[in-house]
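Letter by letter, the chains look like this.
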Amino acid sequence: MTVRDKTPMNPGRRRASRCRVGRIPPLALVLVLIGAAPALAKAPPASFADLAAKLLPSVVNISTTQKVQADGGNRPEMPRFAPGSPFERFFREFFDRQQQSPIPRQRVTSLGSGFVIDASGVIVTNNHVIAEADKIAVILSDKTRLEAKVIGRDAKTDIALLRVDPGGKELKPLGFGNSDGARVGDWVIAIGNPFGLGGTVTAGIVSARQRDINSGPYDDFIQTDASINRGNSGGPMFNLAGEVIGINTAIFSPTGGSVGIGFAIPSNLAKPIVGQLLKYGRARRGYLGVRIQTVTDEIAQGLDLPSASGALVTNLSEDGPAARAKLEVGDVILSFDGKPIDEMRSLPRIVAETAVGREVEVEVWRKGGKKTLKATLGEFPEDEPRVASRTPAERPRDATVEALGLDLAAITPDLRKRFNLADDAAGVVVTDVKAGSPAAEKQIRPGDIIRKIGPRQSDITDPSQIEQAVESARKANRDTLLLLVERERGQQFIALKIAKG
């Protein structure tokens, strides 16, 4: 199967791709997942031979076949002739027949890896290994070839589950270990099918943990220097106890081969997904119903938050679990189900790993203090529900706020039409931005709507409220003002510097 990479081929720019064998774009950079945490390396064992001999029969090669339409774009174009030329009719009939003839479908084969987790014939691999495949075959260590069917798949974590009929073959299942116990410097071994060569064993150490490589919302990879190449995708990473602590998924390389930077999905993330795929045929993730953004130092100052940590709520899904639990836009989620949210990106993963229907405590920072709420999680929907909107109120006079560089106005029918605002848009609309001002530096534009303001995130119903908020901030010796701004792409908190006046 073709390895796809949508990143433009810019010279010098690093790129990521999955570690399957297939048609690889030239100069593609490859990637395999892993994470970080300091520790001391253990003394190397005298040999990995006994462990490898025990584990090799449980690791399988995966071959997929996909039919793709041949490229018809290379057909020649019809020559141009003068009107009425005797050649025009001849060539037109010829080219019409060519266009009507079917373009042959070609078979594309890709190779990857996987491992047995149940003797009945259940196999784990990467979703990208079997995505869009027409046929999937599993090749055992003794070269036995078995047809496989997909039990379930999850693109967000790149995990897929297959089933084969082993017939009279005895399959040896592997068990998941505790990936949280893997320390930086611990020895690991990887087994897979690099470049289609078959069962190959490599060894290395855990190089880092909790790596985010921007491949999805739940990135939490283990990084290793064990040699991992295209075709290793879906294969297991083991600790020295022979437990699977990761699923090799991608490598990072300027050449397409291993340069000692590989990544694996941690077993503690994979195990619940595998269980859900086996039971439901799909992943069932916990769902809170919020949109969030990172808390910067400026935003923390604007909210009177002691430190720049947590996840800042920018939107609530209509009638979602968070809305029913009385969370509010402007809340900073500090902990979820007893787990601290040190940075924004950890919240989606923690919520997703929590069981659907479970009631959890959510600690938030709201209007200068901590508050604990209880939320009952729903199931993550396929499509995000629309965000709740507010009813607009009557707006009084316009205002110019020199300290921010903004001209503001109440929302009127004329302004709705001028800036193409929604009928239910609520707040104060920006009508002009002064060049070089704090607002211009943060790329606020005419047509943006300011909905909330200040540490307590008060609703804005009047442009004069922003003038008052600037004065209040100055009296409190704060040099930033936090705004909730609604734009074409959604809501966002923006901390503006207050110009000295």
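Before reading further, recall that the structure is shown in the block above.
Keep in mind that this is a model prediction, so the values were computed, not measured.

Cut-off values and rules
All residue numbers refer to position in the chain's written sequence, counted from 1. The model is predicted, so local features are restricted to residues of pLDDT at least 70 and side-chain atom pairs to those at 80 or more, both for listing and for counting; the totals for chains, interfaces and linings are taken over all residues. Side-chain metrics in this entry use all non-hydrogen atoms of the structure; hydrogen atoms and water are not considered. Any carboxyl oxygen of Asp or Glu within 4 Å of a side-chain nitrogen of Lys or Arg constitutes a salt bridge here. Under the DSSP-based scheme used, a helix requires at least four consecutive residues in state H or I and a strand at least two consecutive residues in state E, with every element numbered from the N terminus. Here the term buried applies to any residue with accessible area under 20% of the maximum for its type, exposed to any over 50%, and partly exposed to those in between, with areas from a 1.4 Å probe on protein chains only. Within this scheme a cavity is a closed region of a 1 Å grid, computed over the protein atoms alone, that accommodates a 1.4 Å probe without allowing it to escape, whereas a pocket is open but has protein on both sides within 12 Å along at least five of seven lines; lining residues each have an atom within 4 Å of a point. Grid points are joined across faces, edges and corners, and a volume is the space filled by probe spheres set on the points. Any residue outside Ala, Val, Leu, Ile, Met, Phe, Trp, Tyr, Cys, Pro, Asp, Glu, Lys and Arg is labelled polar, Gly included; the first ten of those are nonpolar and the last four are charged. What makes a nonpolar core is a set of buried Ala, Val, Leu, Ile, Met, Phe, Trp, Tyr and Cys residues whose side-chain atoms join them at distances within 4.5 Å. When checking whether two residues touch, look at their non-hydrogen atoms; a contact exists if any pair is within 4.5 Å. Pairs were defined over the aromatic rings of Phe, Tyr and Trp, the Trp ring being its six-membered one, requiring ring centres within 6.5 Å. Orientation was assigned from the angle between planes: stacked under 30 degrees, edge-to-face over 60, tilted for the rest. Think of it as a cone above the ring: NZ of Lys or CZ of Arg counts as a charge over the ring if it is within 6 Å of the ring centre and within 35 degrees of the ring normal.

**Student:** Explain the pattern of salt bridges here, please?
**Tutor:** Close approach of charged atoms allows side chains with opposite charge to pair. Evaluation of the coordinates by the stated rule reveals 21 salt bridges. Across the pair E379 and R284 runs a salt bridge whose closest N-O atoms are separated by 3.3 Å. Of this pair, E379 sits in strand β21 (residues 378-379) while R284 is found in the loop between α4 (267-280) and β14 (286-287), placing the two residues 95 residues apart along the sequence. Residue classification places R284 among the partly exposed residues on the basis of a relative accessible area of 22%. Counted as one network, the salt bridges with shared partners bring together D212, E343 and R345.

**Student:** When you look at empty space enclosed by the protein in this model, what are you seeing that I'm missing?
**Tutor:** The rolling of a water-molecule-sized probe over the atoms marks out the regions of remaining empty space. Counting across every chain of the model gives two cavities of 30 Å³ or more. Roughly 70 Å³ of volume is contained in the second largest cavity. Taken together, T157, Y218, L269, P272, I273, Q276, R285, R349, A352 and E353 make up the full set of residues lining the second largest cavity. At the level of elements, α4 and α7 (346-353) are the ones that each hand at least two residues to the lining of the second largest cavity. Here the element with the most residues in the lining of the second largest cavity is α4; it accounts for four residues. Counted by class, the lining of the second largest cavity contains five nonpolar, two polar and three charged residues.

**Student:** Please explain the nonpolar core as it appears in this structure.
**Tutor:** Generally speaking, nonpolar side chains in soluble globular proteins are found buried as a group. Counting residues in each nonpolar core, the largest one holds 34 residues, and the members touching the most others are L288, L327, I333 and F336. Listing elements by their share of this core, those giving two or more residues are α5 (297-302), β16 (311-316), β17 (332-336), α7, β19 (359-366), β20 (369-376), β27 (480-487) and β28 (490-497). For I333, the contacting residues outside a window of four places in its chain are L288, G310, A311, V313, L327, I341, L347, V362, E363 and V364. In this structure, V59, I117, L174 and F221 belong to the second largest nonpolar core, which totals 27 residues.

**Student:** For this particular structure, what's the right way to read the packing of aromatic side chains?
**Tutor:** One pair of aromatic rings is described through two measures. These are the centre distance and the angle between the planes. Per the stated rule, a full pass over the model turns up three aromatic pairs. Aromatic pair F48 and W187: ring centres 5.6 Å apart, planes at 55°, arrangement tilted. Taken together, the residues span a long stretch of sequence, with F48 in the loop between β1 (17-18) and α1 (49-55) and W187 in strand β8 (residues 187-192) at a distance of 139 residues. Taking the centre distance of 6.1 Å and the plane angle of 80° together, the rings of F115 and F176 count as edge-to-face. With F115 in strand β3 (residues 105-118) and F176 in the loop between β7 (159-164) and β8, this residue pair connects regions lying 61 residues apart in the sequence. Assigned by exposure class, F115 and F176 land together as buried. The ring of Y280 carries the charged tip of R284 above its face, separated from the ring centre by 4.8 Å.

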